[in-house]
Amino acid sequence: MKFVTSILNRRAFVALAAASMLPGVMHSAPASAADVTIPIIVKDTTSFYWQIVLAGARKAGKDLGVNVPELGAQAETDVNGQISILENAVAGNPAAVVIAPTEAKALGKPIDEAATKVKIIGIDSGADSKAFTSFLTTDNIQGGRVAADGLAAAIGEANGGKVEGDVALITALPGAGSLEQRAQGFKEQLAAKYPGLKLVADKYADGQATTGLNIATDLITANPNLKGIFASNLIMAQGVGQAIAENSLAGKVGLVGFDSDEKLIKFLNDGVISALVVQDPYRMGYDGIKTALAASKDEKVEANVDTGANLVTKANMKEPKIDALLNPKLD
């Protein structure tokens with residue numbers, strides 16, 4: 001019953017959030033909030049993952065008495081859109097800015113420029129900049145290692161304990177700092193711990209679930225010994241999961257995804273997905289605003305904060321800590 005309630009809450013939240021999906025639209029805390037503004041700029045306002053980040057930021061704004069405009073483009077591929085949003089946010093003379101950069105190289109100089117005028121707090125993904133006052137993120141290299149361990153365990157379980165065969169990696173977009181780090185950790189862990197697993201494909205998509213579906217379908221056709229796939233973000237996991245389901249390969253080809261939403265949780269319950277590596281996006285949003293407020297007052301803040309990554313399987317998904325990550329409070 002709790003799972004059904006969570007689904008309804010998510011649908012209600014997404015419906016209420018529909019108005020926030022236009023690039024650069026601001027949604028502020030109540031008028032009673034203190035006269036302090038800290039915008040948060042995410043990669044994609046339409047994604048459930050980023051809605052969780054925004055929910056954490058919104059709660060921090062209420063708790064701390066801070067006005068928190070919620071900003072972002074409608075797709076992670078809109079790099080220029082995010083740069084424009086950052087420039088406009090800085091022009092409004094906020095106390096600080098929290099941003100999850102869409103693309104490391106492209107956002108480097110804009111963040112450098114913004115930081116000459118206001119404190120910049122980074123969350124989730126890095127950029128080619130040393131101007132962040134603080135950076136809060138999952139240790140994505142470790143997240144990739146966790147994914148490799150989860151995929152190896154699933155392959156072993158499906159093959160009588162034998163951890164061997166071909167595996168593939170599908171990355172949503174090239175150049176995104178967090179995704180490149182996940183890929184790095186995944187490949188390093190395969191090489192270090194699982195000599196029986198051969199990485200036969202390392203593919204980039206275009207950020208669309210349909211592309212992930214098509215890439216995975218082609219891989220399944222071309223590699224009869226394919227035993228597992230790591231889809232390194234939520235959107236790719238949706239597409240690859242669909243390919244596994246459509247080809248009736250649940251339990252035969254292991255799949256590890258990254259992050260969670262209603263669809264991925266159902267895939268996990270149904271055995272289509274073997275495991276999910278789940279971050280704490282709510283904490284990123286909440287602590288991002290909290291850290292930005294402290295930095296704006298010239299208080300000492302940590303330069304780097306690891307917000308954690310957890311391997312979620314069907315066996316542990318009902319544990320209280322994991323359940324809280326899968327079913328975050330979005331109001």
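Looking at an unreviewed UniProt entry, the protein carries the name Periplasmic ribose-binding protein, sugar ABC transporter, with the source organism given as Mesorhizobium metallidurans STM 2683. Its UniProt record gives the protein a comment under Sequence similarities (unreviewed entry), which states: "Belongs to the bacterial solute-binding protein 2 family." The heading Subcellular location (unreviewed entry) in the UniProt record of the protein holds the text "Cell envelope".

K.L.:
Please clarify how the overall build of the protein should be interpreted in this entry.
P.N.:
Of regular secondary structure, the protein possesses 11 helices and 12 strands. Looking at the protein as a whole, 54% of its 331 residues qualify as buried. A sequence separation of at least 24 residues applies to 72% of the contacts in the protein between residues at least 6 apart. Carbon and sulfur atoms form 52% of the exposed surface of the protein, whose accessible area is close to 14,000 Å².

K.L.:
What is the right way to look at the nonpolar core in this model?
P.N.:
Proteins that are soluble and globular tend to have nonpolar side chains buried together. In this structure, Ile-40 and Ile-229 are the most contacted members of the largest nonpolar core, which totals 61 residues. Domain assignment of the residues forming this core places at least three in each of domain 1 (40-138 + 280-308) and domain 2 (140-278). With sequence-adjacent residues up to four places away left out, Ile-40 is seen in contact with Val-53, Leu-54, Ala-57, Val-68, Pro-69, Glu-70, Leu-71, Val-98, Ile-123, Gly-285 and Ile-289. Core analysis: the second largest hydrophobic core is formed by 18 residues, Val-167, Leu-169, Phe-230 and Val-277 among them.

K.L.:
What's the story with the sheet that holds strand β4 (residues 119-123) in this structure? I'm lost.
P.N.:
Think of a sheet as strands paired side by side through backbone hydrogen bonds, with each pair either parallel or antiparallel. Strand order across the open sheet formed by six strands is β2-β1-β3-β4-β5-β11, with parallel pairing between neighbours. Bordering the open sheet on either side are β2 (70-72) and β11 (304-306), each of which pairs with just one other strand. The mean angle between the axes of side-by-side strands here comes to 20°, regardless of whether they run parallel or antiparallel. Where strand β3 (residues 96-99) and β4 come together, four bridges link them in parallel fashion. Each residue of the ladder has a partner; that of Ile-99, found in β4, is Gly-122. Here helix α2 (residues 48-64) sits on the sheet and contacts β1 (40-42), β2 and β4; the angle it forms with β1, its principal contact strand, is near 170°.

K.L.:
Please clarify how the packing of aromatic side chains should be interpreted in this entry.
P.N.:
To describe a pair of aromatic rings, one takes the distance between the centres and the angle between the planes. Counting across every chain of the model gives four aromatic pairs. A ring pair is formed by Phe-186 and Phe-230, whose centres lie 4.9 Å apart and whose planes are at 40°; its orientation type is tilted. Of this pair, Phe-186 sits in helix α6 (residues 177-193) while Phe-230 is found in strand β8 (residues 226-231), placing the two residues 44 residues apart along the sequence. Neither residue differs from the other here; Phe-186 and Phe-230 are each classed as buried. Judged by relative accessible area, Phe-230 falls into the buried class, the value being 0%. A connected cluster of aromatic rings, assembled from ring pairs, spans Phe-186, Phe-230 and Phe-258. The ring of Phe-258 has Arg-182 sitting right over it, with the charged end atom 3.8 Å from the ring centre.

K.L.:
What should I look at first to understand the environment of Lys-290 in this one?
P.N.:
Residue placement: Lys-290 occurs in helix α10 (residues 281-296). Sequence separation between Lys-290 and Ala-57 is 233 residues, and the spatial gap between their C-alpha atoms is 8.5 Å.

K.L.:
Please explain the pattern of salt bridges as it appears in this structure.
P.N.:
For side chains of opposite charge, pairing can occur when their charged atoms come near one another. What the rule picks out here adds up to 10 salt bridges. The closest approach of N and O atoms between Lys-43 and Asp-124, which form a salt bridge, is 3.5 Å. Residue Lys-43 is located in the loop between β1 and α2, and its partner Asp-124 is located in the loop between β4 and β5 (134-137); the two are separated by 81 residues in the primary sequence. No difference in accessibility class separates Lys-43 from Asp-124, as the two residues are buried. Lys-193 is paired through a salt bridge with Asp-149; the nearest N and O atoms lie 3.4 Å apart. Highlighted residues: Lys-193 in helix α6 and Asp-149 in helix α5 (residues 140-158), separated in sequence by 44 residues.

K.L.:
Explanation requested: the sheet that holds β8 in the structure shown.
P.N.:
On the basis of which strands lie adjacent, the open sheet formed by six strands has the order β7-β6-β8-β9-β10-β12 and mixed pairing. The open sheet terminates on both sides in strands that have one partner only, identified here as β7 (197-204) and β12 (310-312). Each strand axis lies, on average, 20° off the axis of its neighbour in the sheet, ignoring direction. Both strand β10 (residues 275-278) and β12 contribute to a ladder of three bridges, which runs antiparallel. When the bridges of β12 are listed, Leu-276 appears paired with Val-312. Strands β6 (165-171), β7 and β8 of the sheet are contacted by helix α7 (residues 209-222), whose axis makes an angle of about 165° with β6.

K.L.:
Please clarify how helix α3 (residues 79-91) should be interpreted in this entry.
P.N.:
Quick reminder: α-helices carry 3.6 residues per turn. Residues three or four places apart thus point the same way. Here α3 spans 19 Å end to end across 13 residues, near enough to the 18 Å set by a 1.5 Å rise per residue. Where α3 is concerned, the buried positions are Val-79, Gly-81, Gln-82, Ile-83, Ile-85, Leu-86, Ala-89 and Val-90. On its buried side, α3 packs onto β1, β2, β3 and α4 (104-115). Of the residues that open α3, the one with a side-chain oxygen 2.9 Å from the backbone nitrogen of Gly-81 is Asp-78. Looking one or two residues beyond α3, the residue adopting positive phi is Asn-93, at roughly 55°.

Conventions we followed
Residues numbered from 1 in each chain as written. Predicted model: local features only at pLDDT ≥ 70, side-chain atom pairs only at ≥ 80, totals over all residues. Heavy atoms only, no water. UniProt positions renumbered as here; feature names shortened; annotations may be inferred. Helix = DSSP H or I, 4+ residues; strand = E, 2+ residues; numbered from the N terminus. Buried < 20%, exposed > 50% of the residue type's maximum accessible area, 1.4 Å probe, protein only. Contact = heavy atoms within 4.5 Å. Areas by Shrake-Rupley, 256 points an atom, 1.4 Å probe, with all protein chains shown as cover. Core = buried A, V, L, I, M, F, W, Y, C linked by side-chain atoms within 4.5 Å. Domains from an automatic or database assignment. Pairing = 2+ DSSP bridges. Axes fitted to C-alpha atoms, helices over the stretch in contact; angles between N-to-C directions. Phe/Tyr/Trp six-rings, centres within 6.5 Å; stacked < 30°, edge-to-face > 60°. Lys NZ or Arg CZ within 6 Å of the ring centre and 35° of its normal. Salt bridge = Lys/Arg side-chain N within 4 Å of Asp/Glu carboxyl O. Expected span 1.5 Å × (residues − 1). Polar contact = N/O pair within 3.5 Å; in protein donor to acceptor, adjacent residues only side chain to side chain.

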